[in-house]
Amino acid sequence: MLTIAKVIVVVLWSVALCTSTLAETLLTSDQLNKVVKQCVAAVREAPSETGMGEFYRKFDAYYNSRTGKVENNVATVGDQKAFLVFKKCMAEKGLPLA
């Protein structure tokens, strides 16, 4: 049997899980695409460590309106630093990636 305390925890947990989705739904697909493109450009222009420039130049991402998620081409360990720059940019624009 559910107690009031358990119901409150379930409600708060649901709100926490939906917060990033709520932020995305307040923007149109075009607005989300624009932010993603800005952050991809920021990655490609970011200074990189010696030998890592190729990962930054080849980084790509897009907003998939069907899934409601931002997809990217990160496939190797070398891509992680470029992806971090992208995630930071997205968070600074109010759209943190989970």
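Rules behind the numbers
Residues numbered from 1 in each chain as written. Predicted model: local features only at pLDDT ≥ 70, side-chain atom pairs only at ≥ 80, totals over all residues. Heavy atoms only, no water. Helix = DSSP H or I, 4+ residues; strand = E, 2+ residues; numbered from the N terminus. Buried < 20%, exposed > 50% of the residue type's maximum accessible area, 1.4 Å probe, protein only. Contact = heavy atoms within 4.5 Å. Areas by Shrake-Rupley, 256 points an atom, 1.4 Å probe, with all protein chains shown as cover. Pairing = 2+ DSSP bridges. Core = buried A, V, L, I, M, F, W, Y, C linked by side-chain atoms within 4.5 Å. Axes fitted to C-alpha atoms, helices over the stretch in contact; angles between N-to-C directions. Parallel < 35°, antiparallel > 145°, perpendicular 65-115°, else oblique. Left-handed = near helix turned anticlockwise from the far one by under 90°. Nonpolar A, V, L, I, M, F, W, Y, C, P; charged D, E, K, R; others polar. Expected span 1.5 Å × (residues − 1). Arc of directions from axis to C-beta.

A. How the structure looks around the overall build of the protein. Along the protein, the regular secondary structure elements total four helices and two strands. In the protein, which comprises 98 residues, the proportion classed as buried is 24%. Nonlocal contacts in the protein, meaning residues at least 24 apart in sequence, comprise 49% of its contacts between residues at least 6 apart. Counting only carbon and sulfur atoms, one obtains 62% of the accessible surface of the protein, whose full area is about 7,100 Å².

B. Representation of the pairing of strand β2 (residues 69–72) in the model. Pairing geometry for strand β1 (residues 61–64) and β2, over four bridges, is antiparallel. Its bridge partner lying in β2, Ala61 is registered against Asn72.

C. Structural context of the nonpolar core. Formed by 19 residues in total, the largest nonpolar core has its most connected members in Val36, Phe59, Ala61, Val70, Phe86 and Met90. Secondary structure elements with two or more residues in this core: α2 (29–45), β1 and α4 (80–92). In contact with Phe86, other than residues within four places in its own chain, are Val36, Cys39, Val40, Val43, Phe59, Ala61, Val70 and Leu97.

D. Inspection of the packing of α2 against α4 at higher detail. Contact geometry of α2 with α4 gives a least axis separation of 9 Å together with a crossing angle of 140 degrees. Considered as vectors, α2 and α4 are oriented oblique to each other. When you trace α2 past α4, the crossing you get is right-handed. On the side of α2, the interface is formed by Val35, Val36, Cys39, Val40, Ala42 and Val43, while α4 contributes Ala82, Val85, Phe86, Cys89 and Met90. Class assignment for the residues of the contact of α2 with α4 results in eleven nonpolar, no polar and no charged.

E. Focus on α4. Taking 1.5 Å per residue as the helical rise, α4 with its 13 residues ought to reach 18 Å, and the 18 Å between its terminal C-alpha atoms agrees with that figure. Of all the positions in α4, only Ala82, Phe83, Phe86, Cys89 and Met90 are classed as buried. Buried residues in α4, looked at end-on, bunch into an arc of 120 degrees, giving them a common side. Facing away from the buried side of α4, by more than 90 degrees, are the exposed residues Leu84, Lys88 and Glu92. Where α4 is buried, its residues touch α2, α3 (53–58), β1 and β2. Once α4 ends, the next one or two residues include Gly94, with phi positive near 85 degrees.

This is a description of form; function is not addressed.
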